[in-house]
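# Secondary and tertiary structure notes
One letter stands for each residue in the lines below.
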Amino acid sequence: MLYGTNSKRRDVMGNTLGRLGAAILAIALAFAGSPSFAQSTASNGLGNGASASNLGSALQNLAAQNTSRISQILSRAGRGGNRADDGNNKISADLAQAMAGRFNNNQKWLTRSSKGNLMDVLILANAGADTRLNGLRLALIAGGGVYGRNFRSVPGLSARLPQALITKLAQRADVWRIVPNRTVMQANSSLEMLTGADDVRTLAAQGAALDGSGVTIALVDSGIMTTHGAFIGNDGSSRVKVSVDFTAPNATPDSPVNSSGYTFQDPYGHGTLVASVAAGRTVGDASTDSTGVAPGASLVDVRVLDNNGLGTIATTLAGIDWVVNNASTYNIKVMNVSLGTTSTDSYLTDPLCIAVRNAVAAGITVVVAAGNYGVGADGNPDYGTISSPGDEPSVITVGSANTHDTSVRGNDTVNNFSGRGPTRGTYVDSTGATQYDNILKPDLVAPGNRVLGGYSTDLAGANVSILPSAFPQLVVQQSTTGKGLMLASGTSFATPVVTGAVALLLQANPGLTPPLVKAILQYTAEPLANASLLQQGAGLVNLPGSLAIANALSPNLSAQIAAGTINVGDSMLAPGNVMPPSYSSVIDGHVTNWSRFIFAGGQYVLSGDDLFTQYQGIYNPQVLWVGQQATSVAQNGATPTGALVSAGVVSVTGVLGISDPVIGTGAFTPSASIAQLAETGAALQQGMALSQGIVLSEGIVLSEGIVLSEGIVLSEGIVLSEGVVLSEYGPMPGE
């Protein structure tokens, strides 16, 4: 049992909420916000375009109050160096590879000639007195380089340099990092390359485009601008099937307002960004591909957050209920929840956890943000900071990875702000003692740093939503005609990456159940170096690997499970299929190794190919197994009996030891270490085979004295969008 409360975090969050009145952004947001936001809207005025003047006034006030703060942030950028590599590596990995003579077709920033290699690069600078970077510009010109332009949002410039000059410039004190100018690539969006979506766009067997077609994603958020070009289908109409609003004054839990006719469907702008990351089509110019992960999927817009990105548990519950009740009507298979609240309740009693658990039991794969509370007010990591409903064991909880502006996954890191496990909900047992959930979370991570997505305006394009208005430095492409694009960071935007991946898996194999989808994503995820189970779960999402397993399985599994015609230990493979021959995939030309483990029972780490060659009772979406208890989520459902997993499944939980953050054991074990043990088989020989129900005596053990946050309390009942984060904007100086 763990004791200790992060009271400083609680005080900071409480004070932040008080200042905002209506909480526009999460704790890691660099802007503290403005009291004017509390006055910027009345009820649902902006939803129907009635109070656009109030929005304009609020934005003017915000801009005026934040001007000096923006300047301070930009002036400080770079002084901290690159904490991911201690400032020692000024040349990015892919640029260094090219300089070493390792070339590939993706290096479109490289021009090879008889006179030597020329490279289009971005030089990110350490801010200082030379704010216009005149010294750096003179140095590169003197060395034979060609200056491009200075940036507005970050200290740095673009240039075309001879290869030899790059090494010389990297030695300058005012140079923080040099990276290729990768934005010139046109074939695929950065998200497609980073997740491997571009490597699996065509299903060889069916000859069909793998883009999420036939799958509907429900977005429980702040609304979607349905006329944005990102959501236009092949027939020229919007792929958003329906828009409902639970925040309107005349909406009830059973009867939301039809918001399809609103002149401003997403005044805050969060939902449109999230939806475009999951399922947007490109609206960029020739050098900016903004394609999301599943650009062929249909969407359902369920608005539960108001014009300031703020909601209540009541409206959120109503929205989730609506999704479950209308899933068959709109073929909803996936639900994205990029919002959360900071409840101290156990998952057993937390209302949002119960709601999403019921959605999973109904066959909907629910993907939830881990939250942006992973770093404390003192700048140190905070464990136990997963927000609700990300602390629900049955959902897929997603943390944020920083790709450092490269498709080379080997240098990716977990963002400091990304919520860390274990979950810290509490309940009082029969003896009166307080018990902590201590569920292993997050489940995996996905790119969530400087993700490109669409921003919303009203129909006329006269009014821009709050997020791009508040952060113009993040706007990549301005537009009043539904083609606006901006960058965003946070677990909110890592979550729809996984949501889009789920849509592709379900298109490829409609027979996958939500817990089976989760297991596949974890087993094939790539563990990032130096990050533990509590930071990254199984690792970084890997679409080619996930699809390799999904395509090997029977497409009738969900029907068999629902009918009770498949038993633990029965084959799950489609006739003639076998497990993929290796535990690695290729993403954008790079080998990606699998984790080869999953979380099960909330506190256990399981491995072995039998997890997928044979049916496991944990893949029944109506079964909830946590610790020493297995229950049925279905109303009046029978308690599960018999084996939950087959005898060939192996537990590696026992060999991880007691959790100790100093020596890195137990829940603090680096995920990559577990993957290495699984690869060699060393740990598997010591694991515990599960043959009769739940026979594991203990899950992950947390030692006494580790101080974890115990509920990052804002105010009970408040639900926030997991907003834009500016503290780690990589590859940015000061990350």
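One structure accompanies this document, and this report is about it. Everything numeric here is computed off the predicted structure, so don't read it as measured data. (Residues numbered from 1 in each chain as written. Predicted model: local features only at pLDDT ≥ 70, side-chain atom pairs only at ≥ 80, totals over all residues. Heavy atoms only, no water.)

## Notes on the overall build of the protein
- When you go through the protein residue by residue, the secondary structure sums to 18 helices and 32 strands.
- Taking all contacts inside the protein whose residues are at least 6 apart in sequence as the whole, residues at least 24 apart take part in 77%.
- Entry remark: accessible area of the protein is about 25700 Å², with carbon and sulfur atoms responsible for 50%. (Helix = DSSP H or I, 4+ residues; strand = E, 2+ residues; numbered from the N terminus. Contact = heavy atoms within 4.5 Å. Areas by Shrake-Rupley, 256 points an atom, 1.4 Å probe, with all protein chains shown as cover.)

## Side note on empty space enclosed by the protein
- Under the criterion given, the structure shown has 8 cavities of 30 Å³ or more.
- When its volume is computed, the largest cavity comes out at roughly 330 Å³.
- Every element with two or more residues in the lining of the largest cavity is listed here: helix H13 (514-524), strand S24 (597-600) and strand S26 (623-626).
- In terms of residue count, the dominant contributor to the lining of the largest cavity is H13 (4 residues).
- By residue class, the composition of the lining of the largest cavity is 15 nonpolar, 4 polar and 3 charged. (1 Å grid on protein atoms, 1.4 Å probe; cavity = no way out; pocket = protein on both sides within 12 Å on 5 of 7 lines; lining within 4 Å. Points joined across faces, edges and corners; volume = space filled by probe spheres on them. Nonpolar A, V, L, I, M, F, W, Y, C, P; charged D, E, K, R; others polar.)

## Considerations on the nonpolar core
- Of all hydrophobic cores here, the largest spans 84 residues; its most connected members are Leu553 and Phe612.
- Sort the elements by how many residues they give to this core and helix H12 (residues 491-508) lands first, with 11 residues.
- Ranked by size, the runner-up nonpolar core spans 28 residues in total, among them Val323, Val356, Ala359 and Val366. (Core = buried A, V, L, I, M, F, W, Y, C linked by side-chain atoms within 4.5 Å. Buried < 20%, exposed > 50% of the residue type's maximum accessible area, 1.4 Å probe, protein only.)

## A word on the packing of H13 against helix H15 (residues 543-552)
- Running from N to C, H13 and H15 cross one another at 130°; their axes reach a closest spacing of 8 Å. Considering their axes alone, H13 and H15 lie oblique with respect to each other. Here the hand of the crossing between H13 and H15 comes out right-handed. Only Gly545, Ser546, Ile549 and Ala550 of H15 make contact with H13, whose side of the interface consists of Ile520, Leu521, Tyr523 and Thr524.
- Looking at the contact of H13 with H15, its residues break down into 5 nonpolar, 3 polar and no charged. (Axes fitted to C-alpha atoms, helices over the stretch in contact; angles between N-to-C directions. Parallel < 35°, antiparallel > 145°, perpendicular 65-115°, else oblique. Left-handed = near helix turned anticlockwise from the far one by under 90°.)

## A word on the pairing of S24
- Every second residue of S24 is oriented toward a common face, with Phe597 and Phe599 on one face and Ile598 and Ala600 on the other, all of them buried.
- Here S24 runs beside strand S25 (residues 604-607); their pairing, made up of 4 bridges, is antiparallel. Counterpart to phenylalanine 597 in the pairing with S25 is serine 607.
- In sequence, S24 turns back onto S25 through a hairpin of 3 residues, with glycine 601 there showing a positive phi of about 60°. (Pairing = 2+ DSSP bridges.)

## Some points on the pattern of salt bridges
- Counted under the stated rule, the structure contains 6 salt bridges.
- Residues aspartate 120 and arginine 160 are paired through a salt bridge, measuring 2.8 Å at the closest nitrogen-oxygen approach. On the criterion of sequence distance, the pair formed by aspartate 120 in strand S2 (residues 118-125) and arginine 160 in strand S4 (residues 156-162) is long-range, its members being 40 residues apart.
- Residues aspartate 174 and arginine 172 are paired through a salt bridge, measuring 2.9 Å at the closest nitrogen-oxygen approach.
- When its relative accessible area of 26% is taken as the criterion, arginine 172 is described as partly exposed.
- One salt-bridge network, in which partners are shared between bridges, spans Lys441, Asp443 and Lys518. (Salt bridge = Lys/Arg side-chain N within 4 Å of Asp/Glu carboxyl O.)

## Some remarks on the sheet that holds strand S20 (residues 475-477)
- Strand order in the open sheet made by the 3 strands is S19-S21-S20, with antiparallel pairing throughout. The open sheet has two free edges, formed respectively by strand S19 (451-454) and S20, since each of these has just one partner strand. The average undirected angle you get between the axes of adjacent strands in this sheet is 35°.
- Bridge analysis of S19 against strand S21 (residues 485-488) gives 4 bridges, and the strand direction is antiparallel.

## Overview of the packing of helix H8 (residues 313-325) against helix H10 (residues 351-361)
- Interhelical geometry of H8 versus H10 gives an angle of 5° and a closest axis separation of 10 Å. Classified by the angle between their axes, H8 and H10 sit roughly parallel to one another. Along its contact with H8, which presents Ile313, Thr316, Leu317, Ile320 and Val324, the element H10 presents Pro351, Leu352, Ala355, Val356 and Ala359.
- Here the contact of H8 with H10 is built from residues that sort into 9 nonpolar, 1 polar and no charged.

## With respect to the side chain of glutamine 163
- Within the fold, glutamine 163 resides in helix H5 (residues 163-170).
- A distance of 2.8 Å separates a polar side-chain atom of glutamine 163 from the backbone oxygen of methionine 99. (Polar contact = N/O pair within 3.5 Å; in protein donor to acceptor, adjacent residues only side chain to side chain.)

## A closer look at the packing of aromatic side chains
- Going through the model one piece at a time under the given rule, you end up with 7 aromatic pairs.
- Their ring planes at 75° and their centres at 6.1 Å tell us that tyrosine 583 and tryptophan 594 sit as a pair that is edge-to-face. Note that tyrosine 583 is positioned in the loop between helix H16 (557-563) and strand S22 (584-587) and tryptophan 594 in the loop between strand S23 (590-593) and S24, a separation of 11 residues in sequence.
- Here tryptophan 594 falls in the buried class, since its relative accessible area comes to 3%.
- Taken together, the aromatic side chains of Tyr523, Tyr583, Trp594 and Phe612 make up a single cluster linked through ring pairs.
- Against the face of tyrosine 147 rests arginine 137, its NZ or CZ located 5.1 Å from the ring centre. (Phe/Tyr/Trp six-rings, centres within 6.5 Å; stacked < 30°, edge-to-face > 60°. Lys NZ or Arg CZ within 6 Å of the ring centre and 35° of its normal.)

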